[in-house]
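Remarks on the overall topology
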Amino acid sequence: MTVEALSELIDPELTIVVAACWVIGMILKGTPQIPNWTIVYIVSGAAILLAMALQGFTLEVALQGLLCGAVSVYGHQLFKQTREAVRKDGEES
């Protein structure tokens, strides 16, 4: 499943939640007291709460929030892994 396919599942009003989760994840990654393995859980919880704050407390909105968190983490990993691969290729040349 691609980012485009996932983005079709997310209500366009919640794209701000994806952006907010990306920023939250970056802040958490820079916080030494927070273990890396917990970041995805914190971001997911924040996404669900933000989506519900914007659209109401329903199961559908909770799932939308979960998708927002997943897309932000997935997007971050795509960016990060690509950047690392490009750097590695540059070192090998």
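The notes below deal with the structure included here. (Residues numbered from 1 in each chain as written. Predicted model: local features only at pLDDT ≥ 70, side-chain atom pairs only at ≥ 80, totals over all residues. Heavy atoms only, no water.)

We now examine the overall build of the protein chain. A tally of helices and strands in the protein chain yields four helices and zero strands. Along the chain direction, N to C, the helices and strands of the protein chain fall in the order α-α-α-α. Within the protein chain, the fraction of its 93 residues that count as buried is 27%. Considering only intrachain contacts with a sequence separation of at least 6, the fraction spanning at least 24 residues in the protein chain is 62%. For the protein chain, the accessible area works out to roughly 6300 Å², and carbon and sulfur atoms hold 67% of it. (Helix = DSSP H or I, 4+ residues; strand = E, 2+ residues; numbered from the N terminus. Buried < 20%, exposed > 50% of the residue type's maximum accessible area, 1.4 Å probe, protein only. Contact = heavy atoms within 4.5 Å. Areas by Shrake-Rupley, 256 points an atom, 1.4 Å probe, with all protein chains shown as cover.)

This part is about the packing of aromatic side chains. A complete count under the given rule lists one aromatic pair for this structure. Arranged with centres 6.4 Å apart and planes meeting at 75 degrees, the rings of Trp37 and Tyr41 form a pair that is edge-to-face. Here Tyr41 and Trp37 lie together in helix α3 (residues 36-55), a separation of four residues that amounts to about one turn. Considered together, Trp37 and Tyr41 belong to a single accessibility category, that of exposed residues. (Phe/Tyr/Trp six-rings, centres within 6.5 Å; stacked < 30°, edge-to-face > 60°.)

For the rest of this paragraph, the subject is the layout of surface pockets. The space that makes up the largest pocket amounts to roughly 270 Å³. Residue lining of the largest pocket: 14 residues in total, with Gly25, Ile39, Val73, His76 and Gln77 positioned closest to the centre. Counting only elements with at least two residues in the lining of the largest pocket, the list comes to α2 (15-29), α3 and α4 (59-92). Among the residues forming the lining of the largest pocket, the class breakdown is seven nonpolar, five polar and two charged. (1 Å grid on protein atoms, 1.4 Å probe; cavity = no way out; pocket = protein on both sides within 12 Å on 5 of 7 lines; lining within 4 Å. Points joined across faces, edges and corners; volume = space filled by probe spheres on them. Nonpolar A, V, L, I, M, F, W, Y, C, P; charged D, E, K, R; others polar.)

So yeah, pure geometry; function would need other evidence.
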